[in-house]
Amino acid sequence: MNVSPTVWLLTVAVLCVLVAVDFFIGRKPHEVSIREAGTWTIVWIVLACVFGVGLVFYGGGGPAGEFFAGYITEKSLSVDNLFVFVLIMAKFSVPAQYQQRVLMIGVLMALVLRAVFIAAGAAIISAFSWVFYLFGAFLIWTAWKLIQDARKEQHEEEYQENKLLKAVERRFGVADRYHGTKLWIEQNGKRVMTPMLVVMLAIGSTDVLFALDSIPAIYGLTQDPYIVFTANAFALMGLRQLYFLIGGLLKKLVHLSYGLSLILGFIGVKLVLHALHESGVHVPEISIPFSLGFIVLVLAVTTFTSLRATRKQQPRDEIGVS
């Protein structure tokens with residue numbers, strides 16, 4: 001899809017306005033209720049759908065289908081990210097009234113850094129078509145790793161700070177407690193970070209690591225940088241509200257990792273087939289409508305089997321407790 005610089009600027013400007021409105025409404029630290037989280041989750045989903053329908057009139061059914069496939073995939077991968085966000089909040093004992101501010105800034109940092117990744121990916125793809133082989137192989141390997149992690153119940157482990165975050169903490173120092181929403185304070189005559197800033201950096205840097213599989217995944221569905229960016233933007237912007245809405249339900253999605261592994265493996269195969277086709281090998285390519293249908297079906301089945309397994313396990317746990 002040919003997108004002019006004007007459309008790019010307008011899109012970024014509208015997204016910035018939406019983020020500003022979201023930030024303004026939630027600027028006062030408070031505990032986010034289920035009702036508030038549910039309302040804003042619906043708002044972001046509706047806005048994404050409106051944008052996708054708008055693409056039908058602007059670019060046709062093809063780009064719109066690519067957007068919805070990319071958006072659903074990124075949203076699904078983002079839900080898996082929420083497991084780690086819960087661990088981060090617990091690791092740093094973030095007060096409930098500050099969690100929405102932490103997620104807001106952390107997600108914004110991730111969006112900016114992902115934009116850099118998307119631009120780099122577009123440049124690499126345009127210069128080296130063989131990179132699809134690498135993306136495809138990486139996604140297939142990631143799918144296998146997800147299955148292994150699910151078997152080990154890795155989500156139950158404690159969050160471990162990455163090396164970059166540890167280096168920043170050593171360089172600047174960290175205060176011994178939270179100081180409201182302040183990011184820096186003076187302590188013993190030295191300017192140090194507050195735990196609030198550390199948690200924001202943890203959320204942002206962790207999401208960038210997740211982008212290592214989500215960006216190749218969406219490039220397996222579309223090579224249009226505009227669609228890649230907007231699908232990521234809409235998926236990430238609703239992530240904060242989704243955290244509060246389904247935070248208590250995350251443990252019930254016991255089969256989510258298996259579903260995501262199927263989706264990533266499927267897209268990996270799609271990328272390899274596309275790379276072979278680009279190399280002149282006559283192989284069938286997987287269409288966007290089929291991809292979209294497969295992704296939706298896998299997520300629906302995964303959700304159903306997860307909730308069913310949880311309901312069956314609950315009476316056993318109650319018997320074990322009693």
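Residues numbered from 1 in each chain as written. Predicted model: local features only at pLDDT ≥ 70, side-chain atom pairs only at ≥ 80, totals over all residues. Heavy atoms only, no water.

> Just checking my understanding: could you explain the overall build of the protein for this structure?
For the protein, the count of helices and strands is eleven helices and two strands. When the helices and strands of the protein are listed from N to C terminus, the series reads α-α-α-α-α-α-β-β-α-α-α-α-α. Here the protein has a C-alpha radius of gyration of 21 Å; the compact-globule value for 322 residues is 20 Å, and the two agree. Principal-axis analysis of the C-alpha atoms gives the protein an extent of 65 × 55 × 35 Å. Taking contacts inside the protein between residues at least 6 apart in sequence as the whole, the part at least 24 apart equals 78%. Summing over all exposed atoms, the protein offers an accessible surface of approximately 16400 Å²; the carbon and sulfur share of this is 67%. Of the side chains in the protein, 26 bear a positive and 22 a negative charge, and the two mean positions are spaced by 5 Å. (Helix = DSSP H or I, 4+ residues; strand = E, 2+ residues; numbered from the N terminus. Rg over C-alpha atoms; globule rule 2.2 N^0.38 Å. Contact = heavy atoms within 4.5 Å. Areas by Shrake-Rupley, 256 points an atom, 1.4 Å probe, with all protein chains shown as cover. Lys, Arg positive; Asp, Glu negative; His and termini not counted. Charge placed at Lys NZ, Arg CZ, Asp CG, Glu CD.)

> Any chance you could explain helix α1 (residues 5–25) here in plain terms?
Side chains of residues three or four places apart in an α-helix project in the same direction, reflecting 3.6 residues per turn. Taking 1.5 Å of rise per residue, the 21 residues of α1 would be expected to cover 30 Å, and the 30 Å separating its terminal C-alpha atoms lies within 8% of that figure. Among all positions of α1, only V7, T11, L15, V19 and D22 are buried. Summarising the axial view, the buried residues of α1 lie within an arc of 105°, below the 170-degree limit, and thus occupy one face. For α1, exposure combined with an orientation more than 90 degrees from the buried face picks out P5, T6, L9, L10, V17 and F24. Next to the buried residues of α1 lie α2 (34–59), α4 (96–127), α8 (225–237) and α9 (239–246). (Expected span 1.5 Å × (residues − 1). Buried < 20%, exposed > 50% of the residue type's maximum accessible area, 1.4 Å probe, protein only. Arc of directions from axis to C-beta.)

> Help me understand unusual backbone geometry, please; the structure alone is not making it clear to me.
At S93, a position not held by glycine, the phi torsion is positive, near 50°. Here S93 shows up in the loop between α3 (61–91) and α4. Since its relative accessible area comes to 54%, S93 is described here as exposed.

> Honestly, the packing of aromatic side chains in this entry has me stumped. Any pointers?
Ring pairs (aromatic) are described by centroid distance and by the angle formed between their planes. In this structure the tally under the stated criterion is twelve aromatic pairs. Judged by centre distance (5.6 Å) and plane angle (70°), the rings of F67 and F68 are edge-to-face. Owing to a relative accessible area of 0%, F67 belongs among the buried residues under this scheme. Its relative accessible area of 21% is what places F68 among the partly exposed residues. When the ring of F266 is compared with that of F290, the centres are 6.1 Å apart and the planes differ by 40°; the resulting orientation is tilted. Here F266 is found in helix α10 (residues 256–278), whereas its partner F290 is found in helix α11 (residues 288–321), with 24 residues between them in sequence. Within the aromatic cluster, the residues linked to one another by ring pairs are W8, F51, F67, F68, Y71, Y226, F229 and F234. (Phe/Tyr/Trp six-rings, centres within 6.5 Å; stacked < 30°, edge-to-face > 60°.)

> So what exactly am I meant to see when it comes to the packing of α2 against α9 here?
Think of two packed helices as two axes; the pair is described by the angle between the axes and how far apart they sit. Axis separation between α2 and α9 bottoms out at 8 Å; the angle between their running directions is 135°. With respect to each other, α2 and α9 are oriented oblique. The two elements α2 and α9 cross, and the hand of that crossing is left-handed. Here I34, A37, G38, W40, T41 and W44 of α2 lie close against α9, whose contacting residues are Q241, L242, F244 and L245. (Axes fitted to C-alpha atoms, helices over the stretch in contact; angles between N-to-C directions. Parallel < 35°, antiparallel > 145°, perpendicular 65-115°, else oblique. Left-handed = near helix turned anticlockwise from the far one by under 90°.)

> I'm lost on the side chain of T73 in this one. Help?
In this fold, T73 is placed in helix α3. There is a polar contact of 2.8 Å between the side chain of T73 and the backbone oxygen of A69. (Polar contact = N/O pair within 3.5 Å; in protein donor to acceptor, adjacent residues only side chain to side chain.)

> How should the packing of α1 against α8 be read in this particular structure?
Where α1 contacts α8, the axes come no closer than 12 Å and their chain directions differ by 5°. In terms of orientation, α1 and α8 fall into the roughly parallel class. Facing α1, whose interface residues are V7, W8, T11, V12, L15, V19 and D22, α8 presents P225, Y226, F229, T230, A233, F234 and M237. Taken together, the residues of the contact of α1 with α8 sort by class into eleven nonpolar, two polar and one charged. (Nonpolar A, V, L, I, M, F, W, Y, C, P; charged D, E, K, R; others polar.)

> Please clarify how empty space enclosed by the protein should be interpreted in this entry.
Over the atoms, a rolled probe matching the size of one water molecule traces out where space is still vacant. Evaluated as defined, the whole model comprises two cavities of 30 Å³ or more. Taken as a whole, the largest cavity encloses approximately 80 Å³ of empty space. Around the largest cavity, the lining residues are V19, D22, W44, L103, M104, V107, L108, L236, M237 and R240. Elements that contribute at least two residues to the lining of the largest cavity include exactly α1, α4 and α8. Here the lining of the largest cavity is built from residues that sort into eight nonpolar, no polar and two charged. Taken as a whole, the second largest cavity encloses approximately 60 Å³ of empty space. In terms of lining residues, the second largest cavity is bounded by ten residues, among which D22, E36, W40, R240 and Q241 are the most central. Secondary structure elements with two or more residues in the lining of the second largest cavity: α1, α2 and α9. Taken together, the residues of the lining of the second largest cavity sort by class into five nonpolar, two polar and three charged. (1 Å grid on protein atoms, 1.4 Å probe; cavity = no way out; pocket = protein on both sides within 12 Å on 5 of 7 lines; lining within 4 Å. Points joined across faces, edges and corners; volume = space filled by probe spheres on them.)

> In this structure, what is going on with the pairing of strand β2 (residues 190–193)? I would like to understand it.
The two faces of the sheet receive side chains in turn, since in a regular strand these alternate between them. Pairing geometry for strand β1 (residues 184–187) and β2, over four bridges, is antiparallel. By the bridge assignment for β2, I185 is matched with V192. Between β1 and the antiparallel strand that follows it, β2, lie two residues; N188 among them carries a positive phi value of about 55°. (Pairing = 2+ DSSP bridges.)

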